[in-house]
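A closer look at the structure
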Amino acid sequence: MYGCVKKKQPGKGSLRIVGKKQKCKKGEQRVLFNPKTLQPAGPTGATGPAGPTGPQGVVGPQGDDGATGPQGPTGSQGPTGPTGPTGAGATGPTGPTGPTGNNGTDGATGATGPTGPSGNDGQTGATGPTGATGAAGPAGGPTGPPGPTGPSGEDGQNGADGATGPTGPTGAAGTNGTDGATGPTGPTGAAGTDGTNGTNGTNGTDGATGPTGPTGPTGPTGQDGTNGATGPTGPTGPTGQDGTNGATGATGPTGPAGPTGPTGATGSTGPTGPTGVGATGATGPTGPTGAAGVNEILFSSGAQAANNNAFVGLGGQNATEANVQQIVAIGGTVTGMRCFNAAAQGGSATYTLRINGASTAATCTITGGQTTGSGGPFTVAFSAGDRMAVATPNANSGNTAKSFAISVTP
């Protein structure tokens, strides 16, 4: 887990948990810890294999050994001289650790490991249904070209990513570079068993303090002496400079390929192929003449009301017949007539078809209390260029809108 603490006096205050890629605030430093270590200790397990070496931490400043009593402020660190003989006096208490220095800039990201093998291809999607066959051309024509192939089914989904490989060994410390991308965290190795503690040496008597000699090279570390009585705590030393961060370890090998993805969806049906183009066949013999069809000629007063002694044409009525006569373009025979009155009347009313200003035998009667009527059959001939109208009766017509349909044959 990752957290942020104050750079100054990190032992005071609280730890703020943050995400892996979340940055700390100004005046804070980023820390990494394993939450498993915060649990109560269980029984010691068998010694596991040693985990990979972690990156080297920042070296803190080393304080000078002072005489017993209050410790003065730590001076700047010079090269360590050879270890002198152990004094007889009790060792003074160690001063508190100075606050951790600012984090150095991250080293350059290690080279990416080789790419793992590709996952197995997803199963081929089912073949889309064949497009409908185009209609056959007339007999004798060449076969039309086949319809285009339907589109391929969609690719299967990618297999799941392989597991992350173990973390590579720590590389040599490089110069500070710009922050690289954070690599994946490798698994934590099992903790090794603690070594046995060495025996403490006896304390010698304190010798007189001599002048400080020049600093020599660092000698080997002596065995720990027995702890003396705790002296008063000295003031906190200045914060040491930040050490350079080690280079990021190489990326571990790529995990095994993921399982095969599910089968892709079935492709859509291909379009219908074009109709074949054949030569036109010979014209068949003429069939027998069919029965004569029935046509009709329509008359209506439209939105106007036609009363007694009026004439109805096409979409109008008038007391003068010539104003509403309808001319015809072809000749034929009137065989029947139907009539409609918008409102029922108390008595019967007979309507008459007139041709060229004269009444004919073609009539239609609406009985009292009804709105429709009919008449026929008739055999009333007419010729192209004749003019037609329908005459209302002298009584019982009613001042309403009316319409008429005349059935005719050639």
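Please refer to the structure placed before this passage.
Residues numbered from 1 in each chain as written. Predicted model: local features only at pLDDT ≥ 70, side-chain atom pairs only at ≥ 80, totals over all residues. Heavy atoms only, no water.

Examining the sheet that holds strand β1 (residues 2–6)
Spatial strand order, β2-β1-β3: 3 strands in an open sheet with antiparallel pairing. This sheet does not close on itself; its edge strands, each paired only once, are β2 (16–18) and β3 (28–32). Each strand of the sheet is rotated relative to its neighbour by a mean of 35°, with strand direction disregarded. Judged from the 5 bridges that link them, β1 and β3 form a sheet pairing that is antiparallel. Bridge pairing in β3 links Gly-3 to Val-31. (Pairing = 2+ DSSP bridges. Helix = DSSP H or I, 4+ residues; strand = E, 2+ residues; numbered from the N terminus. Axes fitted to C-alpha atoms, helices over the stretch in contact; angles between N-to-C directions.)

Points about a nonpolar patch on the surface
A contiguous nonpolar patch, built from Met-1, Leu-15 and Ile-17 and spanning about 260 Å² of accessible area, is present on the exposed surface. Residue position: Ile-17 is located in strand β2. Overall, the relative accessible area of 45% leaves Ile-17 in the partly exposed class. (Patch = residues over 30% accessible without salt bridge, like charges linked within 9 Å, V, L, I, M, F, W, Y side chains within 5 Å. Areas by Shrake-Rupley, 256 points an atom, 1.4 Å probe, with all protein chains shown as cover. Salt bridge = Lys/Arg side-chain N within 4 Å of Asp/Glu carboxyl O. Buried < 20%, exposed > 50% of the residue type's maximum accessible area, 1.4 Å probe, protein only.)

Regarding the nonpolar core
With 23 residues, the main nonpolar core has Phe-299, Val-334, Met-337 and Leu-353 as its most contacted residues. Listed by contribution, the elements that provide at least two residues to this core are β4 (295–300), β8 (332–341), β9 (349–355), β10 (358–366), β12 (380–382), β13 (387–391) and β14 (402–409). Element by element, the count of residues in this core is highest for β9, at 4 residues. With residues up to four places along the chain from it excluded, the contact list for Phe-299 reads Val-312, Gly-313, Gln-326, Leu-353, Met-388, Ala-389, Val-390, Ser-403, Phe-404 and Ile-406. (Core = buried A, V, L, I, M, F, W, Y, C linked by side-chain atoms within 4.5 Å. Contact = heavy atoms within 4.5 Å.)

Brief notes about the environment of Gly-373
Checked against the element boundaries, Gly-373 lands in strand β11 (residues 372–375). Considering only alpha carbons, one finds Gly-373 and Ser-348, 25 residues apart in sequence, at a separation of 9.9 Å.

Here we look at the state of the cysteines
Taken as a whole, this structure holds 2 disulfides when the rule is applied. The disulfide that involves Cys-4 links it to Cys-24, with 1.9 Å between the sulfurs. Judged by the sign of its S-S torsion, about -85°, the bond between Cys-4 and Cys-24 is left-handed. Here Cys-4 is found in strand β1, whereas its partner Cys-24 is found in the loop between β2 and β3, with 20 residues between them in sequence. Judged by its relative accessible area of 1%, Cys-4 falls in the buried class. Counting only the cysteines that form disulfides, in the order they appear in the protein, gives the pairing 1-2, 3-4. (Disulfide = S-S within 2.5 Å.)

Describing the packing of aromatic side chains
Taken as a whole and assessed by the stated rule, the structure comprises 1 aromatic pair. Ring geometry for Tyr-351 against Phe-404: centres 5.2 Å apart, planes inclined by 55°, an arrangement best described as tilted. Residue Tyr-351 is located in strand β9, and its partner Phe-404 is located in strand β14; the two are separated by 53 residues in the primary sequence. As far as burial versus exposure is concerned, Tyr-351 and Phe-404 are alike and both buried. (Phe/Tyr/Trp six-rings, centres within 6.5 Å; stacked < 30°, edge-to-face > 60°.)

Comments concerning the side chain of Asn-341
With respect to the element layout, Asn-341 can be found in strand β8. In this structure the side chain of Asn-341 is engaged in a polar contact, spanning 2.8 Å, whose partner is the backbone oxygen of Ser-397. If we ignore the near neighbours within four places in the chain, the residues touching Asn-341 are Tyr-351, Ile-366, Thr-371, Ser-397, Thr-400, Ala-401 and Lys-402. (Polar contact = N/O pair within 3.5 Å; in protein donor to acceptor, adjacent residues only side chain to side chain.)

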